[in-house]
Amino acid sequence: MAFEDAIASLGRDLGIDLVVEDGVAEFVAASADGGEQIEVTISVLDDGVSALLCADLGEMPAKGSDRLMLRMLEANHLFGATGGATLSVEEGRAKLERYVGIVAFQRGDGARIVKPFLEMARKWRSLVAGEDEPEESAVTPRDGLTPWSITV
């Protein structure tokens, strides 16, 4: 029950109703203009006190995927360009994942964790889609975050 309470608290912080089904809560984050959408899943781990945030970044490109995977590997090193999350590829889709103690959601820190995670996911999603070719420093966290609206 602690996970459900933590997710409800996170939902309140984000201004949405989050529902847990089978240990998983899902929502879609959209850019302020509604042009970009990122699917996010939050799953409780077996220990019952940790959760996994997972953002789907899209299908890996057919061309240039080796270069992108090398860049993802470099970014994962000491979380240098992932904001504390980890990039992976599962069944041909790029993912950004971050482990979080559910106590952070319970104490009201959820939005402070999720919003920068969404910004990092947006940056990496644009790289996966081939829409952006930023400088090396462009995929690091920054202060002025893009506003996002979130729907369930």
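Residues numbered from 1 in each chain as written. Predicted model: local features only at pLDDT ≥ 70, side-chain atom pairs only at ≥ 80, totals over all residues. Heavy atoms only, no water.

Draft legend 1. How the structure looks around the overall build of the protein chain. A count of helices and strands for the protein chain gives 4 helices and 6 strands. In sequence order, the protein chain lays out its α and β elements as α-β-β-β-α-β-β-α-α-β. Counting across all 152 residues of the protein chain, residues that qualify as buried make up 45%. Put simply, 58% of the contacts in the protein chain that link residues at least 6 apart link residues at least 24 apart. For the protein chain, the accessible surface area stands at approximately 8300 Å², while carbon and sulfur atoms represent 50% of it. (Helix = DSSP H or I, 4+ residues; strand = E, 2+ residues; numbered from the N terminus. Buried < 20%, exposed > 50% of the residue type's maximum accessible area, 1.4 Å probe, protein only. Contact = heavy atoms within 4.5 Å. Areas by Shrake-Rupley, 256 points an atom, 1.4 Å probe, with all protein chains shown as cover.)

Draft legend 2. Structural view of the pairing of strand E4 (residues 86–90). Both E4 and strand E5 (residues 93–101) contribute to a ladder of 5 bridges, which runs antiparallel. Note on E5: the bridge partner recorded for Leu 87 is Leu 96. Connecting E4 to the antiparallel partner E5 that follows it, the hairpin turn spans 2 residues, and Glu 91 within it adopts a positive phi of roughly 50°. (Pairing = 2+ DSSP bridges.)

Draft legend 3. Spatial organisation of the environment of Gly 101. Note on placement: Gly 101 falls in strand E5. Since its relative accessible area comes to 30%, Gly 101 is described here as partly exposed. Between the C-alpha atoms of Gly 101 and Leu 52, which are 49 residues apart in sequence, the distance is 8.8 Å. Beyond its immediate stretch of four places on either side in the chain, Gly 101 contacts Val 49 and Ser 50.

Draft legend 4. Spotlight on the packing of helix H1 (residues 2–14) against helix H4 (residues 110–128). Between H1 and H4, the shortest axis-to-axis distance is 9 Å and the interhelical angle comes to 70°. Of the possible angle classes, the one that applies to H1 and H4 is roughly perpendicular. As for how H1 packs across H4, the hand of that crossing is right-handed. Where H1 approaches H4, its residues Leu 10, Asp 13 and Leu 14 are matched on the opposing element by Gly 110, Ala 111, Val 114 and Lys 115. For the contact of H1 with H4, the per-class residue count stands at 4 nonpolar, 1 polar and 2 charged. (Axes fitted to C-alpha atoms, helices over the stretch in contact; angles between N-to-C directions. Parallel < 35°, antiparallel > 145°, perpendicular 65-115°, else oblique. Left-handed = near helix turned anticlockwise from the far one by under 90°. Nonpolar A, V, L, I, M, F, W, Y, C, P; charged D, E, K, R; others polar.)

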